[in-house]
Amino acid sequence: DDSQLLPILAGVPGIDVIALDRVVGLGLRTVGQLRRLDANALAFWTGLPAGTVRNWQETLDLMQWPALPPGAAQRLALAGHATLAQVAAAHPAELLATLHNGTSTLVGPGLPANEQEVANWVVEARQALGLPNLERASTPSSASATTASA
């Protein structure tokens, strides 16, 4: 929460650095300060849309989420899953494919090893948001195996 705000958010896709500079101009310097403020109030003070401020807060929640290994939040954001809600709504196989198909351009840590690791992220995101766990949807390979055994 005491991490410096600008270096953390500046590299996230969809973050308007000029708008973020307005927030920093108000004296906000840390992630914790931005996360604790009411999005509507900050939007009023900066002239930014409240939805933009909420998206930043949700992205910070994902980036500081302890269930993810280092680098994973940035990879998820680059793949279009920048919030816990987006991770919670994702199908693990599709999310894994997105992360491995060149959508994520970061090199280094954070790339999940297998679908089970991504499934764990989805389950933990649902738990963090207080959502019920879903029964695992059958994947095409498990559905064909069930059909073949019938």
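Every value quoted in this text rests on a predicted model; they were computed, and no experiment measured them. (Residues numbered from 1 in each chain as written. Predicted model: local features only at pLDDT ≥ 70, side-chain atom pairs only at ≥ 80, totals over all residues. Heavy atoms only, no water.)

Let's shift gears to a nonpolar patch on the surface. On the surface, L26, F44 and W45 cluster together into a nonpolar patch covering about 410 Å² of accessible area. With respect to the helices and strands, L26 occurs in the loop between α2 (17–25) and α3 (31–36). Taking the relative accessible area as the measure of exposure, L26 reaches 45% and is therefore partly exposed. (Patch = residues over 30% accessible without salt bridge, like charges linked within 9 Å, V, L, I, M, F, W, Y side chains within 5 Å. Areas by Shrake-Rupley, 256 points an atom, 1.4 Å probe, with all protein chains shown as cover. Salt bridge = Lys/Arg side-chain N within 4 Å of Asp/Glu carboxyl O. Helix = DSSP H or I, 4+ residues; strand = E, 2+ residues; numbered from the N terminus. Buried < 20%, exposed > 50% of the residue type's maximum accessible area, 1.4 Å probe, protein only.)

Here we take up the pattern of salt bridges. In total, this model carries one salt bridge according to the counting rule given. As a salt-bridge pair, R35 and D61 come within 2.9 Å of each other at their nearest N and O atoms. On the criterion of sequence distance, the pair formed by R35 in helix α3 and D61 in helix α5 (residues 50–63) is long-range, its members being 26 residues apart.

The interhelical angle for the contact between helix α8 (residues 92–100) and helix α9 (residues 115–128), taken along N-to-C directions, is 115 degrees, at an axis separation of 8 Å. As far as their axial angle goes, α9 and α8 are roughly perpendicular. The handedness of the crossing between α8 and α9 is right-handed. The segment α8 lies against α9, with P92, A93, L95, L96 and L99 engaging E115, V118, A119, W121 and V122. Here the residues of the contact of α8 with α9 sort into nine nonpolar, no polar and one charged. (Axes fitted to C-alpha atoms, helices over the stretch in contact; angles between N-to-C directions. Parallel < 35°, antiparallel > 145°, perpendicular 65-115°, else oblique. Left-handed = near helix turned anticlockwise from the far one by under 90°. Contact = heavy atoms within 4.5 Å. Nonpolar A, V, L, I, M, F, W, Y, C, P; charged D, E, K, R; others polar.)

This part is about the environment of R126. Along the chain, the position of R126 falls in helix α9. The exposure class assigned to R126 is buried, which follows from its relative accessible area of 11%. Sequence spacing of R126 and A85 is 41 residues, and the spatial spacing of their C-alpha atoms is 7.6 Å. Sequence-distant contacts of R126, that is, excluding residues within four places in its chain, are made with A88, L131, P132, N133 and L134.

Ranked by size, the top nonpolar core spans 18 residues in total, and within it L62, L68, L76, V87 and W121 carry the most contacts. The set of elements that each furnish at least two residues to this core consists of α6 (72–78), α7 (84–89), α8 and α9. Of all the elements, α9 adds the most residues to this core, at four residues. When neighbours within four sequence positions are excluded, L62 is seen to be in contact with L68, A73, L76, H81, A82, T83, L84 and V87. (Core = buried A, V, L, I, M, F, W, Y, C linked by side-chain atoms within 4.5 Å.)

Function cannot be inferred from these measures alone, as they are strictly geometric.
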